[in-house]
Amino acid sequence: SFQVAPMKPRARALARGAQLFAGLVAHPSHGSLGRLGRFRGTATATVSALGAASQRLRDAVKSKEVTAQIAAEADAPINRSAVLERLGQELRESDETMEVMLLGNPLPSDRKMVTFQTPTAPEGGSPKRTVHVALPNVEDISKVISERREQKLAVPKADELVKILDKYLSEEFLGKSAEHVAMLTAWGPKAIADSEGEFCEVAALMRLSLTAYQATLQANTSDFQFEVARAGEGRDCLVMPPSNFALLGIKDTFHMLLKGFRVLLVVQPRFFPHFREIQLSLSSCGLPDGLVEVLPGITPEADPAVLHEALKHVDRLQFTGSSQMFKGLVLKAIELGNTRMEHAGEVSGLNKVRLNGVSASHPAVARGTAWAAMANNGELCTSASLVEFDPALDTVESVKGALLEAEAAFKAGRDPADDSLDILLRDGKAQQLEVKTEKEGFREWWEKTILASPQEQVKLQTNQSLGHCIYAPSIEKALEGVTEEASNLYFVGVPADPSAPSARAGTTGAKLPESTFGGMKSYTYAVAGDHDGVGTIQTIFDNTRRRGASWRDQEEAFAQYELSEVAEMLLEFLSPRDQQSFSRQISQVLDVFKAFAPEVTEPYAGQGLVNAEGRSQLVTLLALKPSRKQFLIPRGVGLPEDIVKMAALCAMSPLKEVPADLHLLDAAQAGKLRVTDPLKSFVKVVEKNLKWRIHYHTDVAELATALEQAEHPPYFFCIKDRHMLPTEVLKAVALQGGYFYEGLPSDAFSLFRAMTATQAWTVSCTSDQLKEAEEQLLKSWHSKGLREDPHEEPEIIKPKSREMDIGGGFGDTGIPTSDDKWDELSDDSESDDETKEVQGKAPENSEKSSSGS
């Protein structure tokens, strides 16, 4: 019922000609594109240069073989005797003052002191070790940031940095695993098994980041397709670890160094002894002094102005912890005028276990659900706060009874040296599981607490969750939940016979490197800001980009995907030059998609089996999900080409895209059209064909109000000058955990990362169910994850080699260098006009052509 605003005939011809010249048409027999012809070349290659290089890059980091190697390294047995020996040293009786160093000098003695004790003691007694440390003041923070900038202190070059961090990871982290586990147990505090789990996960994450970095460096010299991009070069990042998972601070520090940032690590005082050792170890491995500064500061005793001074000046905030604290920090930075600050947060979630057609009395269900609430004292950001039961099978009292009975399967105690404990009890924490039956006051408990409620009574959507677990009578039935929005989905099909061997799972337990964690930004409020999750391809490859334009483009095989009618329609909103180049780039993005297509992992160990010896078997499919995209067009801007390009990418995405939200600011005008062409026609195209939602806002206040009521965190793409946006809009997005991304990436690999998020689908099963689990995961992926009309295989074009006397080589134009050879540029045949002149006839329209010229 409508048409795109028509181009002038000459402009349309130029646009079509540009597409023809660029070779953007793969199948001459299909549609209007087929009539354009093909790029001059030969279709003899079987894979494009970029496609082959992308596959090699992926295999170098995420193949099953490499994953197994990283897992074996991270999960290597830890010397328990050495752990207990170092634990005794950490819990020793002493009263000491520990120096806090800043730029190589101790903080002055007049600084405010804070005193803390080990949270636990041998045999669960009263703490005996007391430590005093100085707290930095505002001048200290200002000094460290300003002096590092004035000195232009820089992270070493990529190849040198890799050697330093590899040495640290191998010798000082993995090589001293018992010491790190002991310090986590003492200062966490945690049960030794929990400390080992934390250590292994962080070791795997650091190895993943380093492996991706090394693979990119290798590709730069072998495939010539990818290069390292360090967005943090010469900039400062504030890293803040959580109070329950300290080593995430070193994971973030490690990754920020790879990005080129100088790091200011502000920690809880009780974690300072551990992080001070980490700082010294990094220095001993060759990291220049000053690149990582560790300061105690996350404590009620600290002056809030100290942290505010950091927020006022840093270029990035990397945070893990509570949602409210993260949002407060970002809002404070905005209030202080630091509207350019990048910010990323892995924050807490409201997580639930859902029982579909199974009873909580089933021992696997009861034990898995109880552990989801109790693990790590209920202090995990994935701890279950809710179990939704089937009211046809259970009541609140029967569910409560089943969970409390299952609690007995786990051993709790107060002695940190008891390595048989599942849960380390401590003062100030609940001593046993509590099952609530009234929904009033429902929240994140941060305790061993869970609410039992009939399905649909508590309206908890999984856009609030990090972990979500579904129990059902079969794996196929459980996998109906792959449309949920939590970052990690767990599925268990339990046998009808409650005495039969069964697997179990809960909302916790994402294991790295096989799985990922927290990758669903733009879907769940439990991930905030510029955070692509932990261990996802979007995160571990965020230092990787495809190289820029090169002479190799004229010689390498490339893929030609047939454009859909909608994509072709959208490209006509671009200039002819951009139509040519971006059509080629769409095919490059699809090449990357193909190389990083999800597959099912090899089985790996999960929680203990029920009614049998051994452990549940986990298999995971790391599903690619389309990022939820929002766009903003202020009045008077017209139609930004970046938004047109993103729309074309959405039209060609191999995933089942979700509709984007397009916000038009100051668009309502009484008695007049809200928008004019070409924006008017573009809106019609995306609204009808891509189902984009169009939002008209009369002013900034109306836009901010709409964003505060959004169903999902608002992630804006293709924004120009984020720091120039109205403060009300910046705050509204920060409150919702969203983010503004400036511009559009210029390379295919970064575009792929921007368009996607990772969601982990994990089936917990017995060995007998492994084949079924893999088949059902792949079936769900193809039916729920991919577009309904898949793209045909691309045509692979190998450009013809250029003759050396026809534009061949550098500086060779093919023009004769001798004055007597100009005739070589002539055609072998005469034109019609030339023939007429020879015959004594004047060419037709010769006068008109002459005057026209």
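Right above here is the structure, for reference.
Residues numbered from 1 in each chain as written. Predicted model: local features only at pLDDT ≥ 70, side-chain atom pairs only at ≥ 80, totals over all residues. Heavy atoms only, no water.

## Notes on the overall build of the protein
Then, in step 1: For the protein, the count of helices and strands is 27 helices and 32 strands.
Then, in step 2: Per-residue burial over the protein gives 58% buried out of 853 residues.
Then, in step 3: Counting contacts in the protein only where the partners sit at least 6 residues apart, residues at least 24 apart contribute 77% of the total.
Then, in step 4: Per element, the accessible surface of the protein, about 35700 Å² overall, is 49% carbon and sulfur. (Helix = DSSP H or I, 4+ residues; strand = E, 2+ residues; numbered from the N terminus. Buried < 20%, exposed > 50% of the residue type's maximum accessible area, 1.4 Å probe, protein only. Contact = heavy atoms within 4.5 Å. Areas by Shrake-Rupley, 256 points an atom, 1.4 Å probe, with all protein chains shown as cover.)

## Digging into the packing of aromatic side chains
Then, in step 1: In the structure shown here, the tally under the stated rule is 20 aromatic pairs.
Then, in step 2: When the centroid spacing of 5.7 Å and the interplanar angle of 90 degrees are considered together, the rings of Phe-573 and Phe-682 count as edge-to-face. Here the residue Phe-573 occupies a position in the loop between helix 18 (565-571) and helix 19 (576-595), and Phe-682 occupies one in helix 21 (residues 679-689), the gap between them amounting to 109 residues. Taken as a pair, Phe-573 and Phe-682 share a single burial class, namely buried.
Then, in step 3: Pairwise contacts between aromatic rings join Phe-226, Phe-541, Phe-593, Phe-596, Phe-749 and Phe-752 into one cluster.
Then, in step 4: Of note, Arg-552 hangs over the ring of Phe-224, and the distance from its end group to the ring centre comes to 3.7 Å.
Then, in step 5: Note that Arg-584 overlies the ring of Phe-558, its terminal NZ or CZ placed 3.7 Å from the centroid. (Phe/Tyr/Trp six-rings, centres within 6.5 Å; stacked < 30°, edge-to-face > 60°. Lys NZ or Arg CZ within 6 Å of the ring centre and 35° of its normal.)

## Re the sheet that holds strand 2 (residues 94-97)
Across a sheet, paired strands are connected by hydrogen bonds in the backbone, their directions being either parallel or antiparallel.
Then, in step 1: The sheet built from 3 strands is open, its strands ordered 2-6-5 with mixed pairing. Pairing within the sheet leaves two strands with one partner each, and these edge strands are strand 2 and strand 5 (113-117). Taking each pair of neighbouring strands and ignoring which way they run, the sheet shows an average axis angle of 15 degrees.
Then, in step 2: Both strand 2 and strand 6 (residues 129-134) contribute to a ladder of 4 bridges, which runs parallel. From the neighbouring strand, Glu-96 faces strand 6, where its bridge partner is Val-131. (Pairing = 2+ DSSP bridges. Axes fitted to C-alpha atoms, helices over the stretch in contact; angles between N-to-C directions.)

## So, the pairing of strand 19 (residues 467-472)
The side chains of a regular strand alternate between both faces of the sheet.
Then, in step 1: With respect to burial, strand 19 is a largely interior element, 6 of its 6 residues being buried.
Then, in step 2: Burial along strand 19 is two-sided: the residues Gly-467, Cys-469 and Tyr-471 and His-468, Ile-470 and Ala-472 are all buried.
Then, in step 3: Relative to strand 20 (residues 488-493), strand 19 runs parallel, the two being bridged by 6 bridges. Paired with Tyr-471 across the bridge in strand 20 is Val-492.

## Topic: the pattern of salt bridges
Then, in step 1: Evaluated as defined, the whole model comprises 53 salt bridges.
Then, in step 2: Shared partners join several salt bridges into a network, and the residues in it are Arg-86, Glu-90, Arg-92, Glu-96, Arg-129, Glu-179 and Glu-277. (Salt bridge = Lys/Arg side-chain N within 4 Å of Asp/Glu carboxyl O.)

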